[in-house]
Every structure is written in structure tokens, then in C-alpha cells.
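# Observations on chain architecture
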Amino acid sequence: MDVFGATVSEQQHHSRTRSRRHQTRSADRRKWEVGFSLGGPLIRNRLWFFTNYEYRPLGQAVINLYKPDGSPAVNFNSMSCTRPTRSHCRSSPSNRVIGFYQFARKRILANLNECTPLKTIEDAKLRPQVGKIEWQSVISKSVVASLQYGQWRWDGQYVGNDPGVPAWRDTGDIPYLGGDNVDNSRPHEWRHHTTGTLSWFTPNAFHGDHEIKTGFDYMASTVSREWRSRGASGDYQLLFRNGVPDQIVLYNFPPSRSRRPTTSVSTSRTTGVSPGV
């Protein structure tokens with residue numbers, strides 16, 4: 001359609017809980033969402049686009065846990081993303097190019113409850129994204145072709161909130177966790193995928209209709225979890241048992257990466273026999 005369209009949306013949700021048995025203060029849970037979408041032609045009958053953006057923060061106050069300034073500590077989860085962003089270009093009646101891209105930015109402040117110190121909060125910053133570009137062509141009345149490249153990526157970073165303090169944990173009856181031992185870890189994954197096909201169709205030949213299709217498929221993927229030095233916080237974790245020093249865990253984190261490429265080539269033939277043969 002050669003018509004522009006747009007929408008804007010906004011939602012809010014607020015709830016409150018209270019523990020009467022333990023006479024604890026109420027905890028707030030706040031959620032809201034805002035977004036917009038926009039689409040239409042950039043060049044009449046040739047180039048179109050569509051994009052959508054959403055932002056969804058979610059915060060939940062933790063009962064009986066407060067920051068140094070007296071405000072409630074909050075487990076926080078936010079997501080901002082475009083899903084999807086597409087463009088469609090038709091350079092001629094027999095050729096078109098399709099593009100697609102989607103990204104997200106997610107931040108998580110988690111692992112807080114009234115039995116753990118405030119500084120044990122885990123700060124995770126995650127960045128997933130996916131995209132593709134595809135060419136489709138009708139070369140002749142009997143030959144069609146397509147070629148596509150796609151990519152998926154996932155990156156992240158974990159940040160501690162107690163700089164300069166060693167990571168520690170109590171393995172006894174006291175459910176306390178100290179400084180975060182995943183501080184400065186950086187997980188990373190990606191996939192590159194390329195595929196292409198070529199089809200030839202001829203009707204009423206050699207006593208029937210025939211189609212021959214050939215193509216290839218290549219995908220390379222990598223999975224890694226890079227652990228970087230925690231600097232002044234030390235690359236170790238102290239273990240206690242009910243407040244008494246018990247063990248020490250030492251870390252040595254070289255980058256870990258696994259790469260797995262796969263390739264396939266295929267050819268198929270389909271034959272339909274004409275009636276009366």
C-alpha cells in the first residue's frame with residue numbers, strides 16, 4: 001500500500017503487596033509500556049519501510065531492604081527494542097530486495113531480597129540483535145533465483161556493584177552472598193547464515209512437467225564467554241560457613257570460544273507426468 005500509517009501506545013500497571021503476618025512495609029510493583037510504529041512508502045511503487053519501537057521497564061521494590069538514602073531497593077528489569085524494522089525495495093517488476101533488522105537492549109538489576117546485602121545486586125546489560133538481507137529475482141519465465149544473508153548476535157556484560165571488595169559467599173545457614181563473582185564477564189554468541197537457490201521449470205517437455213532446483217546453505221556460529229579480571233576486587237571468591245572462613249576459590253578466566261561452521265549443497269528434481277502417458 002502506498003499509504004503512510006502510524007500508531008502510538010502507552011500502558012501502566014501498579015500493584016502493592018503487604019505482609020500482615022510479619023508486619024512488613026508494603027512493596028510496590030510498577031510496570032508501564034510505551035511504543036510507536038510507523039510505516040509507508042518512501043518511493044511510490046518501489047520502496048517501502050516499517051518500524052516499531054517499544055520500551056518496557058518493570059520495577060519491584062524489595063520488602064525490608066533499603067538504600068543508604070532510605071529509599072526502597074528495587075529489582076529492575078527494562079527492555080527497549082525495535083521489532084521489527086523492515087524495508088522492501090522493488091528495483092524492477094522481476095527483482096526485489098528485502099531487508100529486516102531487530103535489536104533489543106535489556107538491563108536487569110536482580111538477585112535482591114531481604115536476606116541478602118544490597119551490594120549483591122547483579123547488573124546485567126544484554127544486547128541481542130538479528131537481521132537479514134534477501135534478493136529475489138525472476139530471471140525468465142522458467143528460472144527464478146534467491147540469495148539471502150542473515151545474522152544473529154547476542155552480547156552481554158555483567159557489572160558488579162561493590163568495587164574493590166572481594167566476592168564472597170556464606171555456605172552455611174546464613175543465606176548471604178557478597179560481591180558478585182560474575183563481575184566483568186562478557187558472554188557473546190553469533191551466527192552468520194548465507195543461503196541461495198536457483199530453480200528451473202519447464203512444462204510439457206519429455207512427457208511431463210519438470211522442475212530442477214539447486215542451492216547451497218552455509219552457517220558459521222560462535223559461542224564464547226569472556227571473563228576479564230575484576231581488578232582491585234581480586235579474581236577469587238571467599239567462602240564462609242556461618243560467618244567462619246572456610247575456603248577460597250581462585251579463578252583463571254582465559255577467553256573461551258567455540259566456532260562451528262556448517263555447509264551443505266543440494267539439488268532436487270521434480271517431475272509431473274502428463275495425462276495419457
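Structural notes, computed from the coordinates. (Residues numbered from 1 in each chain as written. Predicted model: local features only at pLDDT ≥ 70, side-chain atom pairs only at ≥ 80, totals over all residues. Heavy atoms only, no water.)

## As for the overall build of the protein
Counting its regular elements, the protein contains zero helices and 13 strands. The secondary structure elements of the protein, listed N-terminal to C-terminal, are β-β-β-β-β-β-β-β-β-β-β-β-β. Going through the 277 residues of the protein one by one, you find that 29% of them count as buried. With an accessible surface of roughly 17,600 Å², the protein has 55% of that area assigned to carbon and sulfur atoms. (Helix = DSSP H or I, 4+ residues; strand = E, 2+ residues; numbered from the N terminus. Buried < 20%, exposed > 50% of the residue type's maximum accessible area, 1.4 Å probe, protein only. Areas by Shrake-Rupley, 256 points an atom, 1.4 Å probe, with all protein chains shown as cover.)

## Details of the side chain of Thr195
Mapped onto the fold, Thr195 is located in strand 9 (residues 185-202). At 3.1 Å, the side chain of Thr195 forms a polar contact with the backbone oxygen of Phe216. Those residues in contact with Thr195 that lie beyond four places of it in its chain are Ser146, Leu147, Gln148, Phe216 and Asp217. (Polar contact = N/O pair within 3.5 Å; in protein donor to acceptor, adjacent residues only side chain to side chain. Contact = heavy atoms within 4.5 Å.)

## Quick look at the environment of Thr51
With respect to the helices and strands, the residue Thr51 is situated in strand 3 (residues 47-66). You can call Thr51 buried: its relative accessible area is 18%.

## Description of the environment of Leu239
Mapped onto the fold, Leu239 is located in strand 11 (residues 236-241). Using a relative accessible area of 8% as the deciding quantity, one classes Leu239 as buried. For Leu239 and Val249, which are 10 residues apart along the polypeptide, the C-alpha to C-alpha distance reads 7.6 Å. When sequence neighbours within four positions are dropped, the list of residues in contact with Leu239 reads Arg169, Thr171, Val244, Pro245, Asp246, Gln247 and Val249.

## Details of the pairing of strand 7 (residues 143-159)
Working note: regular strand, side chains alternate between the two faces of the sheet. Pairing geometry for strand 6 (residues 122-138) and strand 7, over 16 bridges, is antiparallel. Directly across from Ser137, in strand 7, lies its bridge partner Ala145. Between the end of strand 6 and the start of strand 7, which pair antiparallel, lie four residues. Examined bridge by bridge, strand 7 and strand 9 share 13 bridges and lie antiparallel to one another. Residue pairing across strands places Gln151 opposite His192, the latter belonging to strand 9. (Pairing = 2+ DSSP bridges.)

Worth remembering: the numbers are spatial, not functional.
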